[in-house]
Amino acid sequence: MAPKLETLTSDPAMDSIDPILHTLRLVPYAFLRPPRLRLKLPSLTLPSPMTTYSLALLTYFMVVSGIVYDVIVEPPGIGSTQDRATGAVRPVVFLPGRVNGQYIIEGLSSGFMFVLGGTGIVLMDLALDRNRARSVKVSFASAGVSFVVIAYVMSMLFIRIKIPAYLR
């Protein structure tokens, strides 16, 4: 079954069976030729591995820092509490007692510790490369172990500040 003429054309002037109108529409364009354009398609190059790694690390930092929480809830950057003995106001970085809440600086510092630990694991992996010099491998391994230990100790300290009776 052949399609109907109405479905093939959307221009109402083309539906006319008048030969003069048809000639007026086709004759001016019969001797014109489209130009030969030598357009090059844009070629997209892949980003370098270091760029990809940097973007992945930045995304990881943003996610574990709680940027989404900070945008939705809009907590203060840092808190304050009044000292009972002196009455002076002291700054507080960690929101005590609330596991589901955070100040902005608390999230950023925790996220930095997680990224530091992840970078330490990457450095330890780079230390296993056989094509590197021994001194470079030792440097990567020692820096990687140091980063992981610092990140773990600081993260545990952050948790103990946030939840005073945690693991005691």
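Conventions adopted
Residues numbered from 1 in each chain as written. Predicted model: local features only at pLDDT ≥ 70, side-chain atom pairs only at ≥ 80, totals over all residues. Heavy atoms only, no water. 1 Å grid on protein atoms, 1.4 Å probe; cavity = no way out; pocket = protein on both sides within 12 Å on 5 of 7 lines; lining within 4 Å. Points joined across faces, edges and corners; volume = space filled by probe spheres on them. Helix = DSSP H or I, 4+ residues; strand = E, 2+ residues; numbered from the N terminus. Nonpolar A, V, L, I, M, F, W, Y, C, P; charged D, E, K, R; others polar. UniProt positions renumbered as here; feature names shortened; annotations may be inferred. Axes fitted to C-alpha atoms, helices over the stretch in contact; angles between N-to-C directions. Parallel < 35°, antiparallel > 145°, perpendicular 65-115°, else oblique. Left-handed = near helix turned anticlockwise from the far one by under 90°. Contact = heavy atoms within 4.5 Å. Salt bridge = Lys/Arg side-chain N within 4 Å of Asp/Glu carboxyl O. Buried < 20%, exposed > 50% of the residue type's maximum accessible area, 1.4 Å probe, protein only. Polar contact = N/O pair within 3.5 Å; in protein donor to acceptor, adjacent residues only side chain to side chain. Pairing = 2+ DSSP bridges.

## Observations concerning the layout of surface pockets
Now for step 1: There is about 370 Å³ of room inside the largest pocket.
Now for step 2: Those elements that place two or more of their residues in the lining of the largest pocket are α5 (104–126) and α6 (134–162).
Now for step 3: Residue composition of the lining of the largest pocket, by class: eight nonpolar, seven polar and two charged.

## Some points on the UniProt feature "transmembrane region" (unreviewed entry) in the protein
Now for step 1: UniProt marks residues 50–69, 103–128 and 140–161 with the feature "transmembrane region" (unreviewed entry), using the numbering shown here.
Now for step 2: Taken end to end, residues 103–128 is 88% helix and 0% strand, and its first and last C-alpha atoms sit 39 Å apart.
Now for step 3: Its end C-alpha atoms 31 Å apart, residues 140–161 is made of 100% helix and 0% strand.

## Quick notes on the packing of helix α3 (residues 49–65) against α5
Now for step 1: Across the interface, α3 lies against α5 with an axial gap of 8 Å and an inter-helix angle of 140°. Our classification of the angle between α3 and α5 gives oblique. Seen along the crossing, α3 lies across α5 with a hand that is right-handed. For the pair α3 and α5, the contacting residues are Y53, L57, Y60, F61, V64 and S65 in the first and G107, L108, G111, F112, F114, V115, T119 and V122 in the second.
Now for step 2: By residue class, the composition of the contact of α3 with α5 is 10 nonpolar, four polar and no charged.

## With respect to the pattern of salt bridges
Now for step 1: The full count for this structure, using the stated rule, is two salt bridges.
Now for step 2: Across the pair K162 and E106 runs a salt bridge, and its minimum N-O distance is 2.9 Å. Of this pair, K162 sits in helix α6 while E106 sits in helix α5, placing them 56 residues apart in sequence.
Now for step 3: The salt bridge partner of R132 is D129, with a shortest N-O separation of 3.6 Å.
Now for step 4: By relative accessible area, which is 31% here, R132 ends up partly exposed.
Now for step 5: Among the residues examined, D129 registers a relative accessible area of 28% and is labelled partly exposed.

## Quick word on the side chain of Q102
Now for step 1: Its location among the elements puts Q102 in the loop between β2 (89–92) and α5.
Now for step 2: Reaching out from Q102, the side chain makes a polar contact with the backbone oxygen of S65 at a distance of 3.0 Å.
Now for step 3: Q102 has contacts with S65, G66, Y69, D70, P75, L95, G107 and K162, leaving out every residue within four places of it along the chain.

## Let's talk about the environment of V153
Now for step 1: Tracing the sequence through the fold places V153 in helix α6.
Now for step 2: V153 sits in the partly exposed class, given a relative accessible area of 46%.
Now for step 3: For the pair V153 and L57, spaced 96 residues apart in the sequence, the C-alpha separation amounts to 21 Å.

## Brief notes about the pairing of β2
Now for step 1: By the bridge criterion, four bridges tie strand β1 (residues 79–82) to β2 in an arrangement that is antiparallel. Bridge assignment links T81 to a residue of β2, and that residue is R90.
Now for step 2: Connecting the antiparallel pair β1 and β2 is a turn made up of six residues, with G87 showing a positive phi of about 85°.

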